[in-house]
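Descriptive analysis of the structure
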Amino acid sequence: MSDDFIPLAIPNITEAEGANLQKCIETTFVSTVGEFVVEFEERVAKLSGTYFEPDSTLGSCGGIAMGAGTMALHMAMHGCNIGQGDLVICPSFTFIASANSIRHANARPWLFDVNPDSWTIDTKQVAEALRNKTHRDAEGVLRHTKSGDRVAAIMPVYTLGTPADMEEIIALSEEYSLPIIADAAAAIGVDYKGKPIGDMADFTCYSFNGNKTITSGGGGMVVGRNREIMNRIKHVSTTARVWPNYDHDEVGYNYRMTNIEAAVGCAQLDRLEDFVTAKQKIRRTYDSEFADVKGISPFPYPDDRGSTCWFSGFVVEDKNLPQPEQICAKLGHQRIQARIFWKPVHMQVPYADTPMEACPYSEDVYKRIVTLPCSTQLTPEQQARVIRAVKEILAT
Ligand SMILES: *Cc1c(COP(=O)(O)O)cnc(C)c1O
């Protein structure tokens, strides 16, 4: 079987998703209205700790399902009245969608470096920049001194499903009155030091894209406890329609998740715990098997909090070893899919001019990362084949 292709990260779909999809077809509820959307929102809000009784059928329950994680982030910022002339604090080492969502809201990202021990935003750097590079104007608005832009929010990214340093971020959010909009794209299923993940931010946004911890085909969700803002987000992402007629009270968005997507999402939720357990086991196996390989190090796993271990792999430390692109190419020849990882946002064409602090660690580490197969259905035999192949490549 050694010539089997081993993909990097593929969805784990079984008959349950098909049965739910069949129900959508039989009932003709295929679009944004339907029982699976309601169920999916309730269940995700409950497991995030943000659920509340909706105040009407048009009201939110603490979770609002969207067509993508990017849309969930955009709508969270819209709900916080973030727009033109605003900056949102965000790590540079993230998937570009975090920054794109800020631009979709007409604001700009203010980019920061990440910590080596979690790959999440460097809160010391953020604290220093807030202290030294912002001021309160005559109206008391917090402004980035150099650009004059308002500093409007903090967007920590839960990189690889690992929550950021939330005590520090919550303290900064209180000191400077900044809402926290968490990009938790791959972090569904994790808690933070025993507290539900939705407790850590005003708004927490998930992605259910095909390669995330659970998938709905494509999709996302914003969860949060502020009923008024959540109701407003639900309204504006549903074309801002005032029922029952075609009255719309602002420029709305057609951003809601479909019942077909939610049908897949609901079936996936039943297996969320199994998926996270599988991902964590895959990570532990790679880490222990590579522990004695010289010149590489494991992905960070801060021991004071959990992680969904969305992706697994290793970091090349020794310049004399084959480098990530070479390693990936060689694994590819053995029908093993491996990839390099996110290029920092400030190195991307659309963000060359956005405000940023020095990001030496992001610029260095991204070039040294190899991500390895980590689908939840990866078998021990397949993983052993990946491990053997990596060890051979690094030994030659
Ligand atoms: C996947 C991802 C997103 C975007 O989610 P989509 O559903 O693809 O729009 C945002 N941020 C991070 C960190 C991601 O990994």
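Residues numbered from 1 in each chain as written. Predicted model: local features only at pLDDT ≥ 70, side-chain atom pairs only at ≥ 80, totals over all residues. Heavy atoms only, no water.

1. Examining the pattern of salt bridges
In the structure shown here, the tally under the stated rule is 16 salt bridges. The partner of Glu-39 in a salt bridge is Arg-43, and the shortest N-O contact between them spans 2.8 Å. Of the two residues, Glu-39 and Arg-43 both sit in helix 2 (residues 35-48), four residues apart, roughly one turn of that helix. For Arg-225, the salt bridge identified is with Asp-199, shortest N-O distance 2.4 Å. Linking Arg-225 in the loop between strand 9 (220-223) and helix 7 (227-237) with Asp-199 in the loop between strand 7 (181-183) and strand 8 (203-207), this pair joins segments that are 26 residues apart in sequence. With a relative accessible area of 30%, Asp-199 lands in the partly exposed category. Among the ionic contacts, a cluster of salt bridges with common partners joins Asp-165, Glu-167, Lys-193, Asp-304 and Arg-305. (Salt bridge = Lys/Arg side-chain N within 4 Å of Asp/Glu carboxyl O. Helix = DSSP H or I, 4+ residues; strand = E, 2+ residues; numbered from the N terminus. Buried < 20%, exposed > 50% of the residue type's maximum accessible area, 1.4 Å probe, protein only.)

2. Description of the packing of aromatic side chains
Scanning the entire structure with this criterion turns up 14 aromatic pairs. Note on Trp-110 and Phe-112: the rings are 5.0 Å apart at their centroids and 50 degrees apart in plane angle, and the pair reads as tilted. Summarising the aromatic geometry, the rings of Phe-341 and Trp-342 are spaced 4.3 Å apart at their centres and angled 20 degrees between planes, so their arrangement reads as stacked. Taken together, the ring pairs connect Phe-93, Trp-119, Phe-299, Trp-310, Phe-311, Phe-341 and Trp-342 into an aromatic cluster. One cation-aromatic arrangement involves Arg-241 over Trp-243; the distance from NZ or CZ to the ring centre is 3.9 Å. Lying over the aromatic face of Tyr-246, Arg-241 brings its terminal NZ or CZ to 3.9 Å of the ring centre. (Phe/Tyr/Trp six-rings, centres within 6.5 Å; stacked < 30°, edge-to-face > 60°. Lys NZ or Arg CZ within 6 Å of the ring centre and 35° of its normal.)

3. A look at the domain arrangement of the protein chain
By a frequent convention, interface size equals the accessible area lost on bringing the separate parts together. For the protein chain, the domain assignment lists domain 1 (15-269) and domain 2 (273-395). Across the boundary between the two partners, domain 1 contributes 45 residues, which contact 37 residues of domain 2. Across the domain 1-domain 2 interface, the total number found is three salt bridges. For the salt bridge of Arg-305 with Asp-165, the shortest nitrogen-to-oxygen distance reads 2.8 Å. Linking domain 1 to domain 2 there are 23 residue pairs in polar contact (both at pLDDT 80 or more). For the side of domain 1 that touches domain 2, the secondary-structure elements that each account for two or more residues are helix 4 (96-104), strand 3 (108-112) and helix 5 (123-132). If one sorts the elements of the side of domain 1 that touches domain 2 by residue count, strand 3 sits on top with five residues. Here the side of domain 1 that touches domain 2 is composed, by residue class, of 22 nonpolar, 14 polar and nine charged. (Domains from an automatic or database assignment. Contact = heavy atoms within 4.5 Å. Polar contact = N/O pair within 3.5 Å; in protein donor to acceptor, adjacent residues only side chain to side chain. Nonpolar A, V, L, I, M, F, W, Y, C, P; charged D, E, K, R; others polar.)

4. Quick look at the nonpolar core
Grouped together as the largest cluster of nonpolar side chains are 48 residues, with contacts concentrated most on Phe-40, Val-44, Ile-89, Leu-130, Tyr-158, Tyr-206 and Phe-208. Excluding anything up to four places from it in sequence, Ile-89 contacts Trp-110, Phe-112, Ile-121, Val-126, Leu-130, Val-151, Ala-153, Ile-154, Met-155 and Leu-178. (Core = buried A, V, L, I, M, F, W, Y, C linked by side-chain atoms within 4.5 Å.)

5. A look at helix 1 (residues 15-27)
Structural remark: α-helix, 3.6 residues per turn; residues separated by three or four positions point the same way. End to end, helix 1 covers 18 Å across 13 residues, agreeing with the expected 18 Å (1.5 Å per residue, within 8%). Those residues of helix 1 lying buried are Glu-17, Asn-20 and Cys-24. For helix 1, the angular spread of buried residues about the axis comes to 70 degrees, placing them on one side. Turned more than 90 degrees away from the buried face of helix 1, the exposed residues are Glu-15, Ile-25 and Glu-26. Looking at the buried positions of helix 1, the neighbouring elements they touch are helix 2 and helix 8 (259-269). Downstream of helix 1 by one or two residues, Thr-28 has phi in the positive range, about 65 degrees. (Expected span 1.5 Å × (residues − 1). Arc of directions from axis to C-beta.)

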